Amino acid sequence: METHVVEWLGLLARWVHIIAAIMWIGNSMLYNWMERNLRPGKEGDPNKFGELWMLHGGGFFKLEKFRAHADTLPKQLFWFKWQSYTTWLSGFALLILVYFQSSGAFLLNPLRPEITYPIGVSIALGFLVFGWLIYDSLWRLPLNQGVKLTASLILLIAAAWGASELFSGRGAYLMLGAMLATFMSGNVFFHIIPSQKKMMATLEHGGEQDMSLSKRAKQRSIQNNYITFPVILTMLSNHYGMLYSHPFNWVILLVLMFMSALIRHFMNIRFQWKPWFAASAATMAAAAVIIFGIFHFTNQKAAAGETAGLGEPVEFVQAWAIVQSRCLPCHSTTPSRPEFSALIQGVHFDKPEELKAYADRVKVRVVTQESMPLANITAMTPEERAIIGRWVDQGAKLN
Ligand code: HEC
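Residues numbered from 1 in each chain as written. Predicted model: local features only at pLDDT ≥ 70, side-chain atom pairs only at ≥ 80, totals over all residues. Heavy atoms only, no water.

This next bit is on the pattern of salt bridges. One pass over the full model with this rule turns up 13 salt bridges. Between Arg112 and Glu165 there is a salt bridge, with its nearest N and O atoms 3.7 Å apart. Here the residue Arg112 occupies a position in the loop between helix H2 (82-99) and helix H3 (117-140), and Glu165 occupies one in helix H4 (residues 145-166), the gap between them amounting to 53 residues. Looking at Arg112, the relative accessible area reads 25%, which means it is partly exposed. Each of Lys48, Glu51, Lys62 and Glu64 takes part in salt bridges that share partners, so that together they form one network. (Salt bridge = Lys/Arg side-chain N within 4 Å of Asp/Glu carboxyl O. Helix = DSSP H or I, 4+ residues; strand = E, 2+ residues; numbered from the N terminus. Buried < 20%, exposed > 50% of the residue type's maximum accessible area, 1.4 Å probe, protein only.)

Attention now moves to unusual backbone geometry. Of note, the amide linkage connecting Met372 to Pro373 takes the cis form, showing an omega dihedral of -10 degrees. Tracing the sequence through the fold places Pro373 in the loop between helix H13 (359-368) and helix H14 (382-393). Backbone geometry places Asn376, a non-glycine residue, at a positive phi of 40 degrees. Turning to its location among the elements, Asn376 is positioned in the loop between H13 and H14. With relative accessibility at 27%, the residue Asn376 sits in the partly exposed group. Positive phi outside glycine occurs at Ala379, with the angle close to 55 degrees.

A separate point is the coordination of the iron atom of the ligand. Metal coordination angles have textbook ideals: 109.5 degrees for a tetrahedral set of four donors and 90 or 180 degrees for an octahedral set of six. At 2.0 to 2.2 Å from the iron atom of the ligand lie its protein donor atoms, namely His331 (NE2) and Met372 (SD). Viewed at the metal, the six donor atoms of the iron atom of the ligand are separated by angles of 87 to 178 degrees, and the geometry they form is octahedral. Here His331 is found in the loop between helix H10 (316-326) and helix H11 (341-344), whereas its partner Met372 is found in the loop between H13 and H14, with 41 residues between them in sequence. (Donors = N, O, S within 2.8 Å, 3.2 Å for Na, K, Ca; no water. Tetrahedral: all angles 85-135°; square planar, octahedral: opposite > 155°, others 65-115°.)

Further remarks concern the packing of aromatic side chains. One pass over the structure, following the stated rule, counts 18 aromatic pairs. Seen in terms of ring centroids, Trp82 and Tyr85 are 5.3 Å apart; in terms of plane orientation they differ by 80 degrees. Their pairing is edge-to-face. With Trp82 and Tyr85 both in helix H2, this residue pair falls three residues apart, about one helical turn. In this structure Trp82 comes out as exposed when scored by relative accessible area, which is 55%. With centroids separated by 4.9 Å and ring planes inclined at 90 degrees, the aromatic side chains of Phe189 and Phe190 adopt a geometry described as edge-to-face. Every member of this aromatic cluster is reached through a ring pair, and the members are Trp82, Tyr85, Trp132, Tyr135, Phe183, Phe189 and Phe190. If you follow Lys65 out to its NZ or CZ, it ends over the ring of Phe49, 5.4 Å from the centre. Looking at Arg170, its charged tip hangs above the ring of Phe106, at a distance of 3.9 Å from the centre. (Phe/Tyr/Trp six-rings, centres within 6.5 Å; stacked < 30°, edge-to-face > 60°. Lys NZ or Arg CZ within 6 Å of the ring centre and 35° of its normal.)

Okay, the pairing of strand E2 (residues 59-66) next. Walk down a regular strand and you will see the side chains alternate between the two sheet faces. One ladder, built from eight bridges, connects strand E1 (residues 48-56) with E2; its direction is antiparallel. For Leu55, the partnering residue across the bridge sits in E2 and is Phe60. (Pairing = 2+ DSSP bridges.)

Let's shift gears to the site of the ligand. Within the structure, the ligand sits among 21 residues, and Cys327, Cys330, His331, Arg365 and Met372 are positioned closest to it. Here Arg361 contributes a side-chain N or O atom positioned 2.8 Å from an oxygen atom of the ligand. Take Arg365: an N or O atom from its side chain is 2.6 Å from an oxygen atom of the ligand. Counting only elements with at least two residues in the shell around the ligand, the list comes to H11 and H13. Among the elements that make up the shell around the ligand, the one with the highest residue count is H13 (four residues). Its residues assigned to classes, the shell around the ligand shows 15 nonpolar, two polar and four charged. (Near = heavy atom within 4 Å. Polar contact = N/O pair within 3.5 Å; in protein donor to acceptor, adjacent residues only side chain to side chain. Nonpolar A, V, L, I, M, F, W, Y, C, P; charged D, E, K, R; others polar.)

The structure is reproduced here in structure tokens:
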């Protein structure tokens, strides 16, 4: 597809995606908050779960939650589903526009050439479809909750490891997030909305509100509640190359996911449990210590390699020749691989000054992370990486 068309479509899809996601998650956070702040009313109505007064927008809102009967139902009843569906649909469009475009450069693992474009895209789609089928079937089984939860966590760990083996680091983070986000929308589409529809149908036929249906919808909705923070984390992760390019990227991701789900839990119980803030801060600190440990113990080899190379002086022409052949195909105003132009966001190395301006980032991407050239499409060698690293360390001089 034409690059600028992809760029415009990407902007549109991302915009819609973020707006829909804010509406969906914001709504669900508000409902969750209201649910947990309901107080029993004075009249002792057995059909009433509780009530709540709120002040917003210059007026008072009185909210009551109750079990309905056919005769108490109003003509107009609001319920929410399109926010969730729109988030999933625009997210899927973005997956195609960013990760399935440009020969899958963001998705595929440069160290696994046997996973070609069609195989990689099929595995990515498989993550969404089979991921959902496995998760959904597991939670339909008549097993103890604890067993199902343990099995889900083991499967999540396996999925994180598997994704990091099959996809690029960035692709792995995103695919794990896309899979969990699919669980969330799947829960709305296949469980929450259908049980609400059934509930309405029984009520309209004069029946009583079936509490087992409410319970099933609620279980999936609680799972969505816990998945939210980990999913938001993976959706933002493409900005953090340091994390997704790490050899233990999947462990780091799991630590951050468990941390954020635990913090979500503390936030859920915060109205009955006073030390929630201290507990959240302690969880964050513990995660930081673990991740720092992972970086520290895996970085010693890299640090040794870096200092060993400092000695030999590098001429600018050497570095420039490497950049010309390995980077300019993409990082130029006149690229020979224009399919990436939309994603490069104006980082061009046509002039030596431009290269110097980005010197620090160049070292991070080329030497520390080895995440540039993208998917090593231009076949940069380890020696060339070392030369670029030394040129930057020696002051990125232009003569
Ligand atoms: C196949 C195309 C391609 C090649 C070749 C390529 N890049 Fe990139 N580069 C990209 C894309 C796409 C982005 C934006 C996405 C990202 O940041 O991962 C990018 C972003 C960057 C950024 C800016 C983002 C940041 O982290 O600061 C730098 C710096 C960079 N590349 C350096 C290099 C260097 C140096 C080379 C050559 C050794 C190189 N790239 C080769 C495609 C390429």
